[in-house]
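Architecture at a glance
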Amino acid sequence: MRPLRYSINVTLDGCCDHRAIPADEALHRHAVANLEQADALLFGRVTYELMRSAWMPPAPADSRPDWMEPFALTINAAKKYVVSSTLEELDWNAELVRGDLGEAVQQLKREPGNGLFVGGVRLALSLTELGLIDEYEFVVHPRLAGHGPTLFAGLSTHVDLRLVSRLELDSGAVALRYEPRR
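Described in the following lines is the structure provided in the data block.

A few words now on the nonpolar core. Within the largest apolar cluster, 27 residues are counted, with the highest numbers of intra-cluster contacts made by Leu4, Tyr6, Leu42, Leu127, Phe138, Leu151 and Phe152. Residue assignment for this core shows that the elements contributing at least two residues are β1 (4-11), β2 (40-44), α4 (101-110), β5 (116-118), α5 (122-129) and β6 (135-141). Residues Leu35, Ala38, Trp92 and Phe117 belong to the second largest nonpolar core, which totals 18 residues.

So, in structure tokens, the structure goes:
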């Protein structure tokens, strides 16, 4: 079974608002390395629409630094699955996931490959509640944002994790990888 990996950027005070996270070359290189470990990406509607608007080609001239291009190329090429009951059609190499979330994600995990990668906030909460995430990565940035949103608000029960690796990025952010204790 291919693993489902979750990764999110977060500030020291727990904010996971993408606008509060400093984007730099090291962070984008790390994200490319993560995406290259996945056969497909799994997004909720909000994350899909956010990522699509930021990364789907063509990018306006001079809209981003050259060091962002490897990330843009990698995410554009990736197969995407989008969990949504409101979207009717998708583009950007994406396919809708409907019906029972647990069954649908279990089916995706049973397919051969290296893994699935999930991003966002609300979908990750649902997948955590279902016990479907095999690895969590929190890229903790040395910043205090002073606002939310925060991760896993409303989680019905605690989830114990075991640290499996850590990586300090040039920016001072630290990527912490955990697996659930089962």
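Of the positions making up α4, those classed as buried are Leu101, Gly102, Ala104, Val105, Leu108 and Lys109. The buried residues of α4 occupy an angular sector of 165° when projected down its axis, which confines them to one face. The inward-facing, buried residues of α4 abut β1, β2, β3 (79-83), β4 (94-97), β5 and α5. The opening residue of α4, the one whose side-chain oxygen lies 3.2 Å from the backbone nitrogen of glycine 102, is aspartate 100.

This paragraph deals with the packing of aromatic side chains. Within this structure, the stated rule accounts for eight aromatic pairs. Ring geometry for tyrosine 48 versus tryptophan 92: centroids 6.0 Å apart, planes at 50°, classification tilted. On the criterion of sequence distance, the pair formed by tyrosine 48 in helix α2 (residues 45-55) and tryptophan 92 in the loop between β3 and β4 is long-range, its members being 44 residues apart. Per residue, the accessibility class of tyrosine 48 equals that of tryptophan 92, and both read buried. With centroids separated by 6.2 Å and ring planes inclined at 15°, the aromatic side chains of tyrosine 136 and phenylalanine 138 adopt a geometry described as stacked. With a relative accessible area of 14%, phenylalanine 138 lands in the buried category. Positioned above the aromatic ring of tyrosine 81, the side-chain terminus of lysine 79 is 5.2 Å from the ring centre.

Here we take up the sheet that holds β6. Either a parallel or an antiparallel arrangement is found when strands of a sheet pair, and the pairing is made through backbone hydrogen bonds. Ordered by their spatial adjacency, eight strands build an open sheet running β4-β3-β2-β5-β1-β6-β8-β7, and the pairing between neighbours is mixed. Strands with a single pairing partner mark the edges of an open sheet, and in this sheet they are β4 and β7 (161-168). Strand-to-strand, the axes of this sheet are offset by a mean angle of 25°, without reference to chain direction. One ladder, built from five bridges, connects β2 with β3; its direction is parallel. Each bridged residue has a counterpart across the sheet, and for phenylalanine 43 the counterpart in β3 is valine 82. The strands touched by helix α1 (residues 25-35) within the sheet are β1, β2, β5, β6, β7 and β8 (174-180), with β6 carrying the most contacts at an inclination of about 175°. Each of β1, β2, β3, β5 and β6 is contacted by α5, which is oriented at about 105° to β2, the strand it contacts most.

Calculation notes
Residues numbered from 1 in each chain as written. Predicted model: local features only at pLDDT ≥ 70, side-chain atom pairs only at ≥ 80, totals over all residues. Heavy atoms only, no water. Core = buried A, V, L, I, M, F, W, Y, C linked by side-chain atoms within 4.5 Å. Buried < 20%, exposed > 50% of the residue type's maximum accessible area, 1.4 Å probe, protein only. Helix = DSSP H or I, 4+ residues; strand = E, 2+ residues; numbered from the N terminus. Arc of directions from axis to C-beta. Contact = heavy atoms within 4.5 Å. Polar contact = N/O pair within 3.5 Å; in protein donor to acceptor, adjacent residues only side chain to side chain. Phe/Tyr/Trp six-rings, centres within 6.5 Å; stacked < 30°, edge-to-face > 60°. Lys NZ or Arg CZ within 6 Å of the ring centre and 35° of its normal. Pairing = 2+ DSSP bridges. Axes fitted to C-alpha atoms, helices over the stretch in contact; angles between N-to-C directions.

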